[in-house]
Amino acid sequence: MRTTDIRNPDYFHKVVDCQWACPAHTPVPEYIRMIAAGRYADAYMVNWYSNVFPGILGRTCDRPCEPACRRGRVEEENIEKPEPVAICRLKRVAADNKGDVSARMPAPPAKKNGKRIACVGGGPASLTVARDLAPLGYHITVFDQDPKAGGFMRTQVPRFRLPEEVIDEEVGYIVDSGVEFVGNRRIDSLKSLLNEGWDAVFVGCGAPRGRDLDLPGRQESAGQIHIGIDWLASVSFGHIEKVGKRVIVLGGGNTAMDCCRSARRLGGEDVKVIVRSGFEEMKASPWEKEDAQHEGIPIINYHVPKSFEHENGRLTGMTFEVVRAEYDAKGRRQLVPTGEPDAFFPCDEVLIAVGQENSFPWIERDLGLDFDQWGLPVLDEKTFQSTVPSVFFGGDAAFGPKNIIWAVAHGHDAAISIDKYLNGENLAERPAPHVNLVSQKMGIHEWSYDNDISNEMRHVVPWAAAEKTLKSIKIEVELGFDQQTAWAETQRCLNCDVQTVFKAPLCIECDGCVDICPMDCISFTPDGEEAELRHRLTAPALNTSQDLYVADGLKTGRVMVKDEDVCLHCGLCAERCPTGAWDMQKFLLEMAHASPACRTPTTRRNAA
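The next point concerns the overall build of the protein. Looking only at helices and strands, the protein has 23 helices and 22 strands in total. Taken against the 2.2 N^0.38 rule, which gives 25 Å for 608 residues, the C-alpha radius of gyration of the protein at 27 Å falls within 12% of a compact globule. Taken along the three principal axes of its C-alpha coordinates, the protein extends 90 × 65 × 50 Å. Looking at the protein as a whole, 55% of its 608 residues qualify as buried. Considering only intrachain contacts with a sequence separation of at least 6, the fraction spanning at least 24 residues in the protein is 71%. As displayed, the protein has an accessible area near 26700 Å², and 49% of this comes from carbon and sulfur atoms. Looking at charge distribution, the protein has the averaged site of its 69 positive side-chain charges lying 3 Å from that of its 88 negative ones.

Now the structure itself:
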């Protein structure tokens, strides 16, 4: 096998599974250690630099980091359901306990550079672009049809999940950095906007149109049938304050979960979610489904809607075909009727949450801005530049609906592109991340981090009393960890960013590290092809998605192979090694954000 090149930033980046999985590449173990040390403001700022909205995301993130957490792969075999570290909820701990950090936020630049950028939409993608570019001297104007910035974070996430004061605070940090926000202005013509002389335009208007269902009875019952995202926005702005007693929610995504839980709080006594797919195939996050069921909302699967039933223009219920899933030889699913009688469910209102679509009627088709067959803009996937060079997209407006953390990641990349575009640079030349790899050794057998890993199970976030939360759309359900519980949860982190670094010339092949490793993840073995070698290690390394750490140059001609997949980063190999061939080195990766450092040396010199 080829010797691992640990100088490649991506190698150890992939070993920090949580950070690798995060679209914004937040250095998760770093801020968790800060929380453990009571450094909440520092932990918040580490988050803020990467993901911009720690308090918001600490409550609403889709948590791609958590399924990637190695803790879920190395728990004892007798644990029925290994659980990752509560990364998202620890992010909220930093936000809840940080104190006043306003002095640590960037001040408005003393001098503007004369270039003007318009951001269409006041959601997370546009706000990230504004956050990154305003300190560089650009005049940033964010336009939104609503009176306050925040976009779908404000209009579609219910207040019982995300209090408005949290949105106001974190959006405020951006607006106060010298960004101009223009609310109550809907951009209805890109051509007109471009004619205003903007140097660049960023489109971050989200995916504002919810899909409808064209079924018999839809038009006759229109007064009692609502598109989910529009209904949530009306609830957010106080235009809707009550709902019928019997409510059906159609759809299996997170929007459907927000709809059903909101309806429960607005007077719905019989609220149910009905979905055409299987329960496990629903797009909603597992915890969102669990939260809905915890509040007594049933989820009925394998029911395909057929018609809206009505009498004299009044909705009375819905009829569904009962189906089952069948799979062909290639694993493709098909829903086929079971032959059972159609199911009828009475209801007073229906909320349709079966997906969202991009809607760009305000972008004229004679501008040279190309769209694909799905109605999405044709973009460079790396730079987010459209076929009109001065126009960039991000968030749901770019590649379709995802979530907040993906919108933030798009905003960071688009901001680099806009800065390079306005400085006449090649947008494809992206800056490399900043990497540090520093030994944590403090003595012969001492390290500057705590490598004693807790064996406790994942701690549960407490909830407010149901008798209170189900009576109000504004009372936050999750209370968050207190400081003591948060500390206990931080101790479950495996410190995956503290890497085991091996120096073959120092190794005497005594096998001390092999003997002491609690996971049997270190092997000294003859070289061979990877597929064969993985099966003859001390413990077979079967997760081929995780690279092996391979080092040659040993005196016997063998290779050292370490299975990164199950390594605890406990440091016992380094403590046992009599020659110092093993070292524990903290890997810190910071992704590049828009700044003069992102430009080529020639451009930087000219700017200076």
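The subject of this paragraph is the sheet that holds strand 7 (residues 246-250). Read across the open sheet, the five strands follow the order 6-14-7-8-9; overall the sheet is parallel. The sheet terminates laterally at strand 6 (225-227) and strand 9 (299-300), the two strands that pair on one side only. Across the sheet, helix 13 (residues 228-236) lies against strand 6 and strand 14 (349-352), angled at about 90° from strand 6, the strand it touches most.

Following the criterion strictly, the structure yields 45 salt bridges and no others. Salt-bridge contacts for R7 lead to D5; the nearest nitrogen and oxygen are separated by 3.0 Å. Across the pair R209 and E357 runs a salt bridge whose closest N-O atoms are separated by 3.3 Å. Here the residue R209 occupies a position in strand 5 (residues 209-210), and E357 occupies one in strand 15 (residues 356-357), the gap between them amounting to 148 residues. According to the relative accessible area criterion, E357 is partly exposed, its value standing at 28%. Bridged by salt links that share partners, the residues D17, R70, R73 and D565 form one connected network.

Time to look at helix 17 (residues 404-421). The end-to-end C-alpha separation of helix 17 is 25 Å, in line with the 26 Å expected for 18 residues at 1.5 Å each. Within helix 17, 15 of the 18 residues are buried, which leaves it mostly tucked inside the rest of the structure.

Mapped onto the fold, G58 is located in helix 5 (residues 54-60). As a C-alpha pair, G58 and Y449 span 391 residues in sequence and 25 Å in three-dimensional space. Aside from chain neighbours lying at most four places away, what touches G58 is F53, C88, R89, K91 and R92.

Reading across the sheet, the three strands line up as 17-22-18 and stay open at both edges, with antiparallel pairing between neighbours. Both edges of this open sheet fall to strand 17 (434-439) and strand 18 (498-502), since each of them pairs with a single strand only. Averaged over all pairs of adjacent strands, the angle between strand axes in this sheet comes to 35°, irrespective of strand direction. Sheet analysis places strand 18 next to strand 22 (residues 582-590), joined by five bridges and oriented antiparallel. Opposite V501, over in strand 22, you have D583 as the bridge partner.

The next subject is the packing of aromatic side chains. By the definition in use, this model includes twelve aromatic pairs. Ring geometry for Y11 and Y549: centres 6.0 Å apart, planes at 55°, overall tilted. Here Y11, found in helix 1 (residues 9-15), pairs with Y549, found in strand 20 (residues 548-551); they are 538 residues apart in sequence, far enough to count as distant. Residue Y11 is classed as buried on the basis of its relative accessible area, which comes to 7%. Their ring planes at 50° and their centres at 4.7 Å tell us that F502 and W582 sit as a pair that is tilted. Placement of F502 in strand 18 and of W582 in strand 22 is noted, with a sequence separation of 80 residues between them. Like W582, F502 is buried.

Pairing of strand 10 (residues 303-311) with strand 11 (residues 314-327), which is carried by eight bridges, proceeds in the antiparallel orientation. Paired with E311 across the two strands is R314, which belongs to strand 11. In this structure, the hairpin formed by strand 10 and strand 11 is closed by a connection of two residues, where N312 is found at a positive phi of approximately 55°. Alignment of strand 11 against strand 13 (residues 343-346), held across four bridges, turns out to be antiparallel. Looking at strand 13, one finds that G317 is bridged to P346.

Side-chain positions along a regular strand alternate between the two faces of the sheet. Both faces of strand 20 are covered, namely the face carrying L548 and V550 and the face carrying Y549 and A551. As paired elements, strand 20 and strand 21 (residues 559-563) share four bridges and run antiparallel to each other. Looking at the pairing, A551 lines up with M560 of strand 21.

Take helix 19 (residues 483-490) next. Among all positions in helix 19, only A486, A488, E489 and T490 are buried. Looking at the buried positions of helix 19, the neighbouring elements they touch are helix 3 (28-36) and helix 8 (87-97).

With that out of the way, let us pick up the packing of helix 13 against helix 14 (residues 254-265). Orientation of helix 13 relative to helix 14, taken along the N-to-C sense of each, is 45°, at an axis distance of 10 Å. It follows from the interaxial angle that helix 13 and helix 14 lie oblique. For the pair helix 13 and helix 14, the crossing hand works out as left-handed. Contacts from G228, I229, W231 and L232 of helix 13 reach helix 14 at T255, D258, C259, S262 and A263. In terms of residue class, the contact of helix 13 with helix 14 is built from five nonpolar, three polar and one charged.

Scoring rules and cut-offs
- Residues numbered from 1 in each chain as written.
- Predicted model: local features only at pLDDT ≥ 70, side-chain atom pairs only at ≥ 80, totals over all residues.
- Heavy atoms only, no water.
- Helix = DSSP H or I, 4+ residues; strand = E, 2+ residues; numbered from the N terminus.
- Rg over C-alpha atoms; globule rule 2.2 N^0.38 Å.
- Buried < 20%, exposed > 50% of the residue type's maximum accessible area, 1.4 Å probe, protein only.
- Contact = heavy atoms within 4.5 Å.
- Areas by Shrake-Rupley, 256 points an atom, 1.4 Å probe, with all protein chains shown as cover.
- Lys, Arg positive; Asp, Glu negative; His and termini not counted.
- Charge placed at Lys NZ, Arg CZ, Asp CG, Glu CD.
- Pairing = 2+ DSSP bridges.
- Axes fitted to C-alpha atoms, helices over the stretch in contact; angles between N-to-C directions.
- Salt bridge = Lys/Arg side-chain N within 4 Å of Asp/Glu carboxyl O.
- Expected span 1.5 Å × (residues − 1).
- Phe/Tyr/Trp six-rings, centres within 6.5 Å; stacked < 30°, edge-to-face > 60°.
- Parallel < 35°, antiparallel > 145°, perpendicular 65-115°, else oblique.
- Left-handed = near helix turned anticlockwise from the far one by under 90°.
- Nonpolar A, V, L, I, M, F, W, Y, C, P; charged D, E, K, R; others polar.

Any functional reading would require information that these geometric values do not contain.
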